[in-house]
Protein chains: 2
Amino acid sequence: MSIEQAETALFIGGHDPSGGAGLTADIQTATALGVHPLSIVTALTVQDTENVEQIESVDPDWLEACFGRVVSDIHPDSIKVGLWGSQAVGERLATLLEKVRPVPIVLDPIWKASGGFLLAQDGWADVVCSRFLPITTLLTPNWIELQALAPSAPTADEAARALLTLGPGAILVTGGDQDLNRPYVTSTLYASDGTIERWNDARLPAAFHGSGCTLAAACASYLARGYPLKMAVRAGLRWTHLALVKARPIGHGGQIPFRAGVPP
Amino acid sequence: MSIEQAETALFIGGHDPSGGAGLTADIQTATALGVHPLSIVTALTVQDTENVEQIESVDPDWLEACFGRVVSDIHPDSIKVGLWGSQAVGERLATLLEKVRPVPIVLDPIWKASGGFLLAQDGWADVVCSRFLPITTLLTPNWIELQALAPSAPTADEAARALLTLGPGAILVTGGDQDLNRPYVTSTLYASDGTIERWNDARLPAAFHGSGCTLAAACASYLARGYPLKMAVRAGLRWTHLALVKARPIGHGGQIPFRAGVPP
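In this text, all values refer to a predicted model and were calculated from it rather than measured experimentally. (Residues numbered from 1 in each chain as written. Chains lettered and ligands numbered in written order. Predicted model: local features only at pLDDT ≥ 70, side-chain atom pairs only at ≥ 80, totals over all residues. Heavy atoms only, no water.)

## Focus: the overall build of chain A
Right, so step 1: Along chain A, the regular secondary structure elements total eight helices and nine strands.
Right, so step 2: Over its C-alpha atoms chain A spans a radius of gyration of 17 Å, differing by no more than 12% from the 18 Å that the globule rule assigns to 264 residues.
Right, so step 3: Across its three principal directions, the C-alpha atoms of chain A cover 50 × 50 × 40 Å.
Right, so step 4: The 264 residues of chain A split such that 58% are buried.
Right, so step 5: With the model as given, the accessible surface of chain A reaches about 9700 Å², and the carbon-plus-sulfur share is 52%.
Right, so step 6: Distance from the positive charge centre (18 side chains) to the negative charge centre (26 side chains) of chain A: 7 Å. (Helix = DSSP H or I, 4+ residues; strand = E, 2+ residues; numbered from the N terminus. Rg over C-alpha atoms; globule rule 2.2 N^0.38 Å. Buried < 20%, exposed > 50% of the residue type's maximum accessible area, 1.4 Å probe, protein only. Areas by Shrake-Rupley, 256 points an atom, 1.4 Å probe, with all protein chains shown as cover. Lys, Arg positive; Asp, Glu negative; His and termini not counted. Charge placed at Lys NZ, Arg CZ, Asp CG, Glu CD.)

The following block contains the structure:
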């Protein structure tokens with residue numbers, strides 16, 4: 001990373017006014033990791049650190065206009081996709097992304113807010129599986145999202161293997177929402193070369209608002225900097241764990257990850 | 001600033017996909033200065049580093065729902081307002097801000113994009129003068145914006161004095177868009193106590209995309225940290241000048257200010 005020649009990452013997702021999740025998480029993470037953040041809003045939300053109250057998706061034509069204008073001015077070194085808010089936006093986005101390959105694409109398959117509000121719509125899993133997975137470099141589901149994407153698989157291992165056959169480069173399954181009584185959180189990386197890596201991090205006592213966004217954004221930022229896929233995942237997990245260790249109780253809900261560099 | 005007890009600033013303005021101006025500038029600046037950024041989108045734009053192509057404002061009821069939800073969860077230590085996109089949103093916003101006083105409010109009166117696209121609408125100057133200036137702590141116009149707000153004043157000094165009678169705590173007039181042949185840029189702070197301070201910074205050779213947003217966000221961040229008004233302005237000017245010195249040519253248009261802390 002040099003100051004003169006900045007790597008850039010394009011973040012496509014929802015806006016969260018509380019600054020915990022969504023594009024604020026993306027912008028802070030990329031900036032802290034030395035990558036210039038481009039961003040396109042797919043959906044606005046009314047939410048706080050506890051839950052989402054309303055969501056409003058943009059028009060697919062608007063999305064396409066934003067995408068075309070940004071990408072023709074600045075070539076992104078990686079792209080991260082989060083919430084897209086409507087079936088029509090999801091499908092248009094897949095069509096746009098198919099045209100800019102081989103830029104690395106991280107997909108954070110957002111299904112529900114931690115507070116319980118359903119963010120995906122009918123047909124969401126189909127769009128992810130049929131349109132996005134063939135062009136995705138890294139998919140980052142938690143356990144609940146993995147089950148939503150592969151509901152008939154009896155175990156996480158089998159779910160991840162089933163999704164891998166659809167074409168993504170790797171699947172990182174995070175375990176923050178599983179086995180809550182264990183003192184550690186297991187993250188598992190299933191790569192298309194057949195390898196599996198697992199990491200155990202100490203389970204932190206707090207709940208968080210924006211931890212999944214932070215992890216996916218960190219992986220996308222390291223990919224933008226040219227890290228190979230597995231190294232980007234390892235670095236992203238480590239950086240995110242530190243951001244969670246330093247998280248702060250800013251609102252009444254989940255703590256917000258600390259995503260700043262060292263202030264001047 | 002401590003890591004445990006974060007100050008927060010609420011940024012209300014437009015979203016710029018290029019990451020040069022608007023809420024990305026705000027989020028990066030606050031984060032680099034140790035302040036947690038809350039944000040509310042008033043308008044989405046299609047733009048790049050050269051100019052704005054389209055703008056679409058949110059509904060005033062949506063703005064009010066966002067504002068109510070964020071402010072009831074997290075009390076902001078300062079508020080910065082930029083672009084609001086429509087007369088109805090501007091007026092509703094003024095009504096909402098009147099209720100949360102005495103939080104310091106920075107108003108960056110955005111009139112035109114640097115590429116020339118008109119961002120203000122008919123009646124904008126009236127809303128600024130009649131609704132916002134009485135509740136504004138710091139107004140940060142450049143010369144063109146100052147003229148748009150006080151068109152009948154023959155000089156900048158007289159324009160600033162006329163606007164001061166409407167109630168703001170201070171007006172910081174930036175000179176980046178004036179006297180382009182001089183080797184320095186003059187910034188002038190007119191305070192309601194009658195004092196005037198001027199600073200000359202070396203004029204930098206590049207054009208920038210997002211310099212005004214960065215300055216206003218830096219002043220709002222220092223106000224959130226408890227700096228008195230004049231100290232916040234001095235610190236904001238100095239920080240912004242450094243961000244411009246380190247700016248990078250990321251797109252084809254203006255350079256983007258460098259608003260990161262030191263990356264880990």
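## A look at the interface of chain A and chain B
Right, so step 1: Taken together, the contact pairs 59 residues of chain A with 59 residues of chain B.
Right, so step 2: At the boundary of chain A with chain B, total buried surface from both sides reaches about 4700 Å², with 63% on carbon and sulfur atoms.
Right, so step 3: Ranking the residues of chain A by area buried against chain B places W62(A), R69(A) and D73(A) at the top, with a combined share of 16%.
Right, so step 4: The tally of links between chain A and chain B comes to four salt bridges. (Contact = heavy atoms within 4.5 Å. Buried area = accessible area lost by both parts, 1.4 Å probe. Salt bridge = Lys/Arg side-chain N within 4 Å of Asp/Glu carboxyl O.)

## Concerning helix α1 (residues 22-32) of chain B
Helical periodicity: at 3.6 residues per turn, an α-helix aligns residues three or four positions apart in one direction.
Residues and elements named next belong to chain B.
Right, so step 1: Counting buried positions along α1 gives 11 out of 11 residues, so the element sits mostly inside the fold.
Right, so step 2: Along α1, the residues classified as buried are G22, L23, T24, A25, D26, I27, Q28, T29, A30, T31 and A32.
Right, so step 3: Just downstream of α1 lies G34, where phi reads positive at about 85°.

## Some points on the packing of aromatic side chains
Residue and element names in this part refer to chain B.
Right, so step 1: Scanning the model with the defined rule gives four aromatic pairs over all chains in all.
Right, so step 2: Between Y222 and Y227, the ring centres sit 4.8 Å apart and the planes meet at 45°, which makes this aromatic pair tilted.
Right, so step 3: Look at Y227 and you get partly exposed, because its relative accessible area is 25%. (Phe/Tyr/Trp six-rings, centres within 6.5 Å; stacked < 30°, edge-to-face > 60°.)

## Remarks on the pairing of strand β2 (residues 35-47) of chain A
All names here are of chain A.
Right, so step 1: In terms of burial, β2 is a largely internal element, 13 of the 13 residues being buried.
Right, so step 2: With nine bridges joining them, strand β1 (residues 7-15) and β2 adopt parallel strand pairing. Looking at the pairing, F11 lines up with S39 of β2.
Right, so step 3: For the handedness criterion, the β-α-β arrangement of β1, helix α1 (residues 22-32) and β2 is classed as right-handed.
Right, so step 4: Hairpin connection between β2 and strand β3 (residues 52-57): a loop of four residues separates the two successive antiparallel strands. (Pairing = 2+ DSSP bridges. Right-handed = clockwise from strand over helix to strand, strands pointing away.)

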